[in-house]
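# An overview of the molecular structure
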Amino acid sequence: MQRDGAPVENANQPGGNTVDPNSAPNQGLIPDASPWPSDAALPEGEGAELPLLYNDDAAVFEKRVALLLPLSGQHGELGRAMRHAAELAMFDIAGDDFILMPIDTAGTYQGGQNAAREAVDAGAKMILGPLFAESVSGASEVAKSANVPVVAFSNNRRVAESGVWVNGLIPEDQIARAAGYATTQGRYRFAALLPQNDYGRQIASGLNTVVSRVGGTLGRVAFYQPGSEDLQQTIRDFANYDARRANLRAHKAQLEADGSAGSKRALRRLEGVDTFGELDFDALILPATGGELRQVSSLLAYFDVDPSVVQFIGTFGWNDPGLFAEPALKGGIFAAPNPENWELFAARFERTFGSQPPRISSLAYDSTALAALMARDENNMSQQTLTNPSGFVGVDGIFRLTPDGQSERGYAIMQVQPDGAKVIAPAPASFDQVF
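The numbering scheme is per chain: residues are counted from 1 as the chain's sequence reads. With the structure being a predicted model, the display of local features is reserved for residues of pLDDT at least 70 and the display and counting of side-chain atom pairs for 80 or more, all residues being used for whole-chain, interface and lining totals. Values shown for side chains rest on all heavy atoms present in the structure; no hydrogens or waters enter the calculation.

For the protein, the name recorded in an unreviewed UniProt entry is Branched-chain amino acid ABC transporter substrate-binding protein, with Thalassospira tepidiphila MCCC 1A03514 as its organism. As recorded by UniProt, the Sequence similarities (unreviewed entry) comment attached to the protein reads in full: "Belongs to the leucine-binding protein family." UniProt positions are given in the numbering used here, feature names are shortened, and annotations may be inferred rather than shown by experiment.

Structure below.
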């Protein structure tokens, strides 16, 4: 099962529901973002819970929204943290008639299906979540038949469809943003090195379209088996290392045969060089993360794919302090939400609940804030309002939902440096600037 939501901007565009995060609490998804709203009315301390009560007699008057999360099982801790994030949004934005109904999916298909049925039976007018693609698939069957919109936290766009939105931080969109930035720096010849799994195949399926859209061309695409004994040979072949080594030997022999002063100077310049000749790409898409990325990037450097010559491009999963000191990743870029709002949100979450939030908890905050904002007007809880082309703004910046169930976001460009990831191109402020 693929884990979604891997660790994916402000907007103030007139017309529609785009909101300035510095506006008053009754006008935006991020009320009073600097400073954040007072915590005085919220319970404090680890494990604090908010009363979320509902009953059938009040269904006519209440704006009920279900929150489907893995509240039990191996992902229960993550689910509970996302519930806390949703509770913060509810207290910031919601009216007295807004009722948030947390329901456990256990992170499974059947759990998603059962949770959606419980939500529909309880009168939910909208479903937020589930988190994992498998649970989304289960929930969407029930929700669609009841005509209840689903705004899921998954980043797997394969489960998106009309009425079921995938509102996670989608890696393909991050790659598109970073690739587009690379072309502005004169990098047009792209290659990709992808894991041989569902994640890698998902990215590969639309990669040619992404690269073409930003004005580049996609050349070699290779797959590797993570952790396999063949990984070194796969990357050696991908780097065309043996042919480039042979080119170096041939070039040295030619210079030695020439024997001129210029040839001798050229030979001295080749001392310590492993290969000769350019690669057929100047930008390399590497969506791996964590230890897998460390291993792949170090092998690329070993086989003479120089990150100072080739622009390495990653995803938001690169936003990992454990990767920033990797020499082979220095100068690499990835797309991510602007970090400032997240830092404010994380500090407030910790003050309230006594622990640091998981990075994807912002999805629960933003989606709940959106639902609460829409619920102020009964007529606004509609697909037309959800798909307002001007979009919305939240902790993770501008986002909008499209009629086919997809989502779009505005990302900043981050660059890996030894002391951390730095913003080198800010996130767009409106959707006419995206991509």
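Right, picking up where we left off after that structure.
We now examine the pattern of salt bridges. When a carboxyl oxygen of Asp or Glu lies within 4 Å of a side-chain nitrogen of Lys or Arg, that pair is called a salt bridge. On inspection of all chains with the given rule, the structure shows 14 salt bridges. Residues Lys 63 and Asp 97 are paired through a salt bridge, measuring 3.5 Å at the closest nitrogen-oxygen approach. One end of the pair, Lys 63, is in strand E1 (residues 63–69); the other, Asp 97, is in the loop between helix H1 (76–93) and strand E2 (98–104), and 34 residues separate them in sequence. Think of it in three bands: with a 1.4 Å probe and only protein chains considered, a residue is buried below 20% of the maximum accessible area for its type, exposed above 50%, and partly exposed in between. Taking the relative accessible area as the measure of exposure, Asp 97 reaches 30% and is therefore partly exposed. Every helix listed is a DSSP run of H or I at least four residues long, and every strand listed is a run of E at least two residues long, numbered separately from the N terminus.

Simply put, an axis is a line fit to the C-alpha atoms, just over the touching stretch for a helix, and the angle between two N-to-C directions goes from 0 to 180 degrees. For the pair helix H11 (residues 339–353) and helix H12 (residues 361–375), the least separation of the axes is 11 Å and the interaxial angle reads 95°. When the axes of H11 and H12 are compared, the pair comes out roughly perpendicular. When H11 is examined against H12, the residues Trp 342, Phe 345 and Arg 348 are found in contact with a partner set consisting of Ser 361, Ser 362 and Tyr 365. Here the residues of the contact of H11 with H12 are counted per class, giving three nonpolar, two polar and one charged. An angle below 35 degrees is treated as roughly parallel, one above 145 as roughly antiparallel, one from 65 to 115 as roughly perpendicular, and anything else as oblique. Contacts are assigned to residue pairs that have any heavy atoms within 4.5 Å of one another. Classes in brief: Ala, Val, Leu, Ile, Met, Phe, Trp, Tyr, Cys and Pro nonpolar; Asp, Glu, Lys and Arg charged; the others, Gly included, polar.

As a further point, take the sheet that holds strand E7 (residues 217–224). An order of E7-E6-E8-E9-E10-E14-E15 is seen for the seven strands of this open sheet, with the pairing classed as mixed. This sheet does not close on itself; its edge strands, each paired only once, are E7 and strand E15 (420–425). Taken pair by pair, the neighbouring strands of this sheet meet at an average axis angle of 30°, ignoring direction. Any two strands with at least two DSSP bridges between them are considered paired. Judged from the six bridges that link them, strand E6 (residues 189–195) and E7 form a sheet pairing that is parallel. Looking at E7, one finds that Leu 194 is bridged to Phe 223. Across the sheet, helix H4 (residues 171–184) is in contact with E6, strand E8 (283–285), strand E9 (311–314), strand E10 (333–336), strand E14 (412–417) and E15; its angle to E10 comes to roughly 130°. The sheet contacts of helix H5 (residues 198–205) involve E6 and E7, and relative to E6 the element is tilted by about 155°.

Bringing H5 into the picture now. All of the buried residues in H5 are Gly 200, Gln 202 and Ile 203. The arc enclosing the buried residues of H5, seen along the axis, measures out at 160°, which places them on a common side. Buried residues belonging to H5 abut H4, E6, helix H6 (207–213) and E7. Polar contact criterion, stated in full: a pair of N or O atoms within 3.5 Å, where within protein one must be able to donate a hydrogen and the other to accept it, and residues adjacent in sequence count only if both atoms are side-chain atoms. Taking the backbone nitrogen of Tyr 199 as reference, a side-chain oxygen 3.2 Å away marks Asn 197 as the first, capping residue of H5. Directions are taken from the helix axis to each C-beta atom, and the arc is the one they span.

This paragraph deals with the sheet that holds strand E12 (residues 397–401). As summarised here, the arrangement of the three strands in space is E11-E12-E13, forming an open sheet in which the pairing is antiparallel. Of all strands in the sheet, those bounded by a partner on one side alone are strand E11 (392–394) and strand E13 (407–409). Across the sheet, the axes of successive neighbouring strands diverge by a mean angle of 30°, strand direction being ignored. Bridging between E12 and E13 involves three bridges; their strand directions are antiparallel. If you follow Phe 399 over to E13, its bridge partner there is Arg 409.

Moving on, we get to the pairing of E2. Buried residues dominate E2, accounting for six of its seven residues. Note: E1 against E2, seven bridges, orientation parallel. Paired with Lys 63 across the two strands is Phe 98, which belongs to E2.

All right, on to unusual backbone geometry then. The amide bond that connects Gly 129 to the next residue, Pro 130, takes the cis arrangement and shows omega of 0°. Along the polypeptide, Pro 130 turns up in the loop between strand E3 (126–128) and helix H3 (133–145). With a phi close to 60°, Asn 147 is a non-glycine residue in the positive phi region. Mapped onto the elements of the fold, Asn 147 is located in the loop between H3 and strand E4 (150–152). Non-glycine residue Asp 304 carries a positive phi angle of around 65°.

Side-chain rings of Phe, Tyr and Trp (the six-membered ring for Trp) are treated as a pair once their centres are within 6.5 Å; stacked means planes under 30 degrees apart, edge-to-face means over 60, and tilted covers the remaining angles. In the structure shown here, the tally under the stated rule is nine aromatic pairs. With a centroid separation of 5.1 Å and an interplanar angle of 70°, the aromatic rings of Tyr 241 and Phe 303 are classed as edge-to-face. Within this pair, whereas Tyr 241 is found in helix H8 (residues 241–258), its partner Phe 303 is found in the loop between helix H10 (290–302) and E9, the two being separated by 62 residues in sequence. A single burial state applies to Tyr 241 and to Phe 303, both of which are buried. Judged by centre distance (5.0 Å) and plane angle (80°), the rings of Tyr 302 and Phe 303 are edge-to-face. Using a relative accessible area of 56% as the deciding quantity, one classes Tyr 302 as exposed. Three or more aromatic residues joined by ring pairs form one cluster here, namely Trp 342, Phe 345, Phe 349, Phe 353 and Tyr 365. Placement of a charge over a ring requires the Lys NZ or Arg CZ to be within 6 Å of the ring centre, with the centre-to-atom vector within 35 degrees of the ring normal. In this structure, Arg 220 packs its charged tip against the face of Phe 238, placed 5.9 Å from the ring centre. Taking the ring centre of Trp 342 as reference, the NZ or CZ of Arg 359 above it sits at 4.3 Å.

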